[in-house]
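Each chain, letter by letter, is given below.
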Amino acid sequence: MGVGGAGVQGYTALQNGNVMHRGVTEGVTLMLLALQTGLLDLHVLQRTFLLSIILFIVVTSTLQSMVEISDPIVLALAATGNRSPWKHLRGVSMCLFLFIFPSFMAYKLSHFFDMDFWLLIMVSSCLLTSLQVLGTFFIYSLFMVELFQDGGVERMDEIIYGVNAVSRVLEFLVALCVVAYGTWESMFGEWSWIGVSVIIVHSYVNVWLRAQSGWSSFLLRREAAHKIGALPRASEEQLRAHNDLCSICFQ
């Protein structure tokens, strides 16, 4: 009863309370980058190079959208006990692609270009995508272990919540590092209104909203755990006497 009940608000809040609006930062970055560089006034070679960077931003946003679509599908395969090998193979293959490809893109970018604020935003977007997929794959593995293990995994709900919490904290730290680097570069390096605008948008969307969502989830989780912990626990004799079982886990 405790495992199912504690997850009603905590885990759901962490999943549905995610108000990061992935792709917003990339869209704003794309618009400001085009304005700052004067895309239409550039020479052909410069325009081609800039368009390749813009294409990279579009691909990054597309990958993040693919993660949001595939995440519930992959988790549902394991959580519902689906035993179709083909469906699991497709889901796992998609997770591997969404983990490896953004990491490869981030490596190539950092390898060929000198690090600056604009490059750091694009690299961080790739890292955030890989981090989210890594958390999804870990939870999927837990569900699969529980599926083939008699008696299930102890404190499964707490483990899942912990994995999601660690993933969100890492994403928050990556976003915070981007803002800190951009602020430092604006103060002691090249300053521009475009750069400051990106920092403000990034701070609100990827730092403030992340922190607000995480804190709200923590409060809901704590309240749910407190309410569940306050309920009296039935003894084995009472359960046998009433022939009763948990309406969630049927144990």
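Residues numbered from 1 in each chain as written. Predicted model: local features only at pLDDT ≥ 70, side-chain atom pairs only at ≥ 80, totals over all residues. Heavy atoms only, no water.

1. Description of the overall build of the chain
Condition: Secondary structure is summarised from DSSP: a helix means a run of H or I of at least four residues, a strand means a run of E of at least two, and numbering begins at the N terminus for each. Using a 1.4 Å probe on the protein chains alone, a residue whose accessible area is under 20% of its type maximum counts as buried, one over 50% counts as exposed, and one in between counts as partly exposed. Here, two residues are considered to be in contact whenever any of their heavy atoms come within 4.5 Å of each other. Only the protein chains shown count as cover for residues, and all accessible areas are computed by the Shrake-Rupley method using a 1.4 Å probe.
Within the chain one finds 9 helices and 0 strands. Ordering the α and β elements of the chain from the N terminus gives α-α-α-α-α-α-α-α-α. Within the chain, buried positions represent 38% of all 251 residues. Partitioning the intrachain contacts of the chain with sequence separation of at least 6 by distance along the chain shows that 83% fall at a separation of at least 24. Carbon and sulfur atoms form 68% of the exposed surface of the chain, whose accessible area is close to 14,900 Å².

2. Section: the packing of helix α7 (residues 156-188) against helix α8 (residues 193-230)
For clarity, the cut-off: A fitted line through C-alpha atoms represents every axis, and for helices the fit uses only the stretch in contact; the resulting angles, taken between N-to-C directions, go from 0 to 180 degrees. Roughly parallel means an angle under 35 degrees; roughly antiparallel means over 145; roughly perpendicular covers 65 to 115; every other angle is labelled oblique. Two helices cross in a left-handed way if the nearer one is turned anticlockwise from the farther one by less than a right angle. They cross in a right-handed way if the turn is clockwise. Each residue is assigned to one class: nonpolar for Ala, Val, Leu, Ile, Met, Phe, Trp, Tyr, Cys and Pro, charged for Asp, Glu, Lys and Arg, and polar for all the others, Gly among them.
The geometry of α7 relative to α8 is characterised by a closest axis approach of 10 Å and an angle of 155 degrees between their N-to-C directions. When the axes of α7 and α8 are compared, the pair comes out roughly antiparallel. Here α7 and α8 pass one another in a crossing that is left-handed. Contacts between α7 and α8 involve Asp-157, Glu-158, Tyr-161, Glu-171, Phe-172, Ala-175, Leu-176, Val-178, Val-179, Gly-182, Thr-183 and Ser-186 on the former and, on the latter, Ile-199, His-202, Ser-203, Asn-206, Val-207, Arg-210, Ala-211, Ser-217, Phe-218 and Arg-221. Per-class residue counts for the contact of α7 with α8 are 10 nonpolar, 7 polar and 5 charged.

3. What about the packing of aromatic side chains?
Note the cut-off: Aromatic pairs are defined between Phe, Tyr and Trp rings, using the six-membered ring for Trp, whenever the two ring centres lie within 6.5 Å; interplanar angles under 30 degrees are classed as stacked, those over 60 as edge-to-face, and all others as tilted. A positively charged side chain is recorded as over a ring if its NZ (Lys) or CZ (Arg) lies within 6 Å of the ring centre. The angle to the ring normal must also be within 35 degrees.
Per the stated rule, a full pass over the model turns up 4 aromatic pairs. A ring pair is formed by Tyr-181 and Trp-184, whose centres lie 6.2 Å apart and whose planes are at 40 degrees; its orientation type is tilted. In this pair, Tyr-181 and Trp-184 are both assigned in helix α7, 3 residues apart and thus about one turn of the helix distant. Cation over ring: Arg-221 sits above Tyr-161, and NZ or CZ is 4.5 Å from the ring centre.

4. Here's the deal with the pattern of salt bridges
Here is the rule we go by: A carboxyl oxygen of Asp or Glu within 4 Å of a side-chain nitrogen of Lys or Arg is what we treat as a salt bridge.
This structure, assessed with the given rule, holds 4 salt bridges. Three or more residues are tied together by salt bridges with common partners; here these are Arg-168, Glu-171 and Arg-210.

5. Topic: the UniProt feature "transmembrane region" (unreviewed entry) in the chain
Operational definition: UniProt positions are given in the numbering used here, feature names are shortened, and annotations may be inferred rather than shown by experiment.
In this structure's numbering, the residues bearing the UniProt feature "transmembrane region" (unreviewed entry) are residues 49-67, 88-105, 117-145, 165-184 and 190-209. End C-alpha atoms of residues 88-105 are separated by 26 Å, and the span's content is 100% helix alongside 0% strand. In this annotation, residues 165-184 is assigned 100% helix and 0% strand; the end-to-end C-alpha distance for the span is 28 Å.

6. What to know about the side chain of Glu-185
Stated precisely, the cut-off is as follows: When charges are counted, neither His nor the chain ends are considered; positive counts come from Lys and Arg and negative counts from Asp and Glu.
With respect to the helices and strands, the residue Glu-185 is situated in helix α7. Of the side chains with opposite charge, Arg-210 comes closest to the buried, unpaired Glu-185, at an N-O distance of 19 Å. Setting aside anything within four residues of it in sequence, one finds Glu-185 in contact with Asp-116, Phe-117 and Glu-190.

7. A few points about the confidence of the model for the chain
Spelled out, the test is: Confidence of the predictor at the level of single residues is given by pLDDT, which spans 0 to 100.
Overall, the predicted model of the chain reaches an average pLDDT of 76, with 76% of residues at or above 70. Here helix α1 (residues 2-6) stands out as the least confident element of the chain, with mean pLDDT 41; helix α5 (residues 85-112) is the most confident, with 86.

8. As for the side chain of Ser-130
For Ser-130, the location among the structural elements is in helix α6 (residues 117-148). Overall, the relative accessible area of 5% leaves Ser-130 in the buried class. Once you skip the residues sitting within four places of it in the chain, Ser-130 turns out to touch Leu-98, Phe-99, Pro-102 and Ser-103.

9. Topic: the nonpolar core
Our working definition: Among buried residues, the Ala, Val, Leu, Ile, Met, Phe, Trp, Tyr and Cys ones that are joined through side-chain atoms within 4.5 Å form a nonpolar core.
Ranked by size, the top nonpolar core spans 26 residues in total, and within it Phe-56, Leu-109, Met-122, Ile-139, Tyr-140 and Phe-143 carry the most contacts. Of all the secondary structure elements, the ones that give two or more residues to this core are α4 (44-79), α5, α6 and α7. Among the elements that make up this core, the one with the highest residue count is α6 (10 residues). Sequence-distant contacts of Ile-139, that is, excluding residues within four places in its chain, are made with Leu-75, Ile-160, Val-163 and Asn-164. Listed in part, the 10 residues of the second largest apolar core include Trp-118, Ile-121, Val-198 and Ile-199.

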